[in-house]
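# What the coordinates show
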Amino acid sequence: MSVDIAVVPVAGLGTRLLPATKSQPKEMLPVGRKPVVQYVFEELTAAGLRRILFVTGPGKTSIENHFDINEELVQMLREKGREELLAALAFERAPVHYFYTRQRQALGLGHAVLSARAFVGNDPFVVALGDSIIVLDRQSDIVRRMCEAFEERGAAAVIALEDVPRDQVRHYGIVKPRHGVGELFELDDVVEKPSAADAPSTLAIAARYVLSPAIFDALARTSPGVGGEIQLTDGIRRLMCDGGRVYGMVLGPDERRFDIGNFDAYFRAFVEFALADPAHGPSLRAFVERLVCGPR
């Protein structure tokens, strides 16, 4: 695979998750046994990405710490014979090169991606939002499929998509298919957070992108949009206006996106992942049933 760089924006303040995010990044909140960003990391490494750049901001050093190798902890676990816990730390030794840069101003996702320009250079790359998990019961291969499609079609971009209720389109970037919808299809337009009446479809961008380096010039020419921020969606739209071919790939029927952006979504994700835990899920399920239904 020629695409081996991933950019993971993790600079957001997580204000909708206060006070839980006052002193820790939302990307480090646990969902089941792991922090959110570890699921993203494992998805990317499984897809063959070997250079991962985290675009960070103030208060994000715990993300760097999480992916460092803690030799003292490993040695202590070995001495105590805690092999099961050593296995849980295997992600530390993944064959990956880690890099970190700062988004020095909170000017939106497009600006965060633009912060990666000096690192990415002229290579294609993946963008995976650090607060969104794809799938539950098995690891998603959506990024691998997107990279393959990107190369086969000579695309300017490939975007992961999910179908959302029409009354929710105002929260997402929404795409307009050029002809029809299939496993992979060309896009005619993308719109950031349209109203339900103006949305060209109910297909929402699902936190995963494969982008050509041409996106950097497009973003540099993009004015602030919704919320006064430089939107990645607007940069992709400019790519299309410049003649670049952009494709959408809808998440499969067994693929789901968990967007850890507010407490409702976080609570639901934690419960689902915890219930799926092979060791603790069955007893938790029984507890929840008693809690909800009362003793039988």
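Now for a description of the structure that goes with this document.

Cut-off values and rules
Residues numbered from 1 in each chain as written. Predicted model: local features only at pLDDT ≥ 70, side-chain atom pairs only at ≥ 80, totals over all residues. Heavy atoms only, no water. Helix = DSSP H or I, 4+ residues; strand = E, 2+ residues; numbered from the N terminus. Buried < 20%, exposed > 50% of the residue type's maximum accessible area, 1.4 Å probe, protein only. Phe/Tyr/Trp six-rings, centres within 6.5 Å; stacked < 30°, edge-to-face > 60°. Contact = heavy atoms within 4.5 Å. Polar contact = N/O pair within 3.5 Å; in protein donor to acceptor, adjacent residues only side chain to side chain. Patch = residues over 30% accessible without salt bridge, like charges linked within 9 Å, V, L, I, M, F, W, Y side chains within 5 Å. Areas by Shrake-Rupley, 256 points an atom, 1.4 Å probe, with all protein chains shown as cover. Salt bridge = Lys/Arg side-chain N within 4 Å of Asp/Glu carboxyl O. Expected span 1.5 Å × (residues − 1).

In this chain, L18 is followed by P19 through a cis amide linkage whose omega measures 5°. Here P19 lies in the loop between β1 (5-9) and β2 (30-31). If you check the backbone angles, K193 has positive phi at about 50° while not being a glycine. With respect to the helices and strands, the residue K193 is situated in the loop between β10 (185-192) and β11 (203-211). According to the relative accessible area criterion, K193 is partly exposed, its value standing at 39%. Positive phi, normally seen in glycine, also occurs at A207, with a value near 70°.

This part takes up the packing of aromatic side chains. Summed over the entire model, instances satisfying the criterion amount to 13 aromatic pairs. On the numbers, 5.8 Å between centres and 20° between planes, the contact of F41 with Y98 is stacked. Of the two residues, F41 is situated in helix α1 (residues 36-46) and Y98 in strand β5 (residues 97-102); the sequence distance between them amounts to 57 residues. In this structure Y98 comes out as partly exposed when scored by relative accessible area, which is 21%. Measuring from centroid to centroid gives 5.1 Å for F258 and F273, while their planes differ by 80°, and the two rings are edge-to-face. With a gap of 15 residues between them, F258 in strand β13 (residues 257-259) and F273 in helix α10 (residues 263-275) connect regions that are remote in the sequence. On the accessibility criterion, F258 (6% relative accessible area) is buried. Residue classification places F273 among the buried positions, given a relative accessible area of 8%. An aromatic cluster of three or more residues is present, and its members are F41, F54, F67, F91, Y98 and Y100.

Attention now moves to the environment of E27. One can find E27 in the loop between β1 and β2. When neighbours within four sequence positions are excluded, E27 is seen to be in contact with V10, A11, G12, P35, V36, V37, K60, I63, G130 and D131. Within the structure, the side chain of E27 is placed 2.9 Å from the side chain of K60, a separation counted as a polar contact.

Now for a nonpolar patch on the surface. A contiguous nonpolar patch, built from F287, L291 and V292 and spanning about 340 Å² of accessible area, is present on the exposed surface. Turning to its location among the elements, F287 is positioned in helix α11 (residues 281-293).

As a further point, take the side chain of R208. Following the sequence through the fold, R208 ends up in strand β11. Overall, the relative accessible area of 1% leaves R208 in the buried class.

With that settled, consider α10. The periodicity of an α-helix, 3.6 residues per turn, causes residues three or four positions apart to be oriented the same way. The first and last C-alpha atoms of α10 sit 18 Å apart over 13 residues, in line with the 18 Å expected at 1.5 Å per residue. Residues of α10 that are buried sit in contact with β2, α1, β7 (132-134), β13 and α11. You can read the cap of α10 off the contacts: a side-chain oxygen lies 3.1 Å from the backbone nitrogen of D264, and it is on N262.

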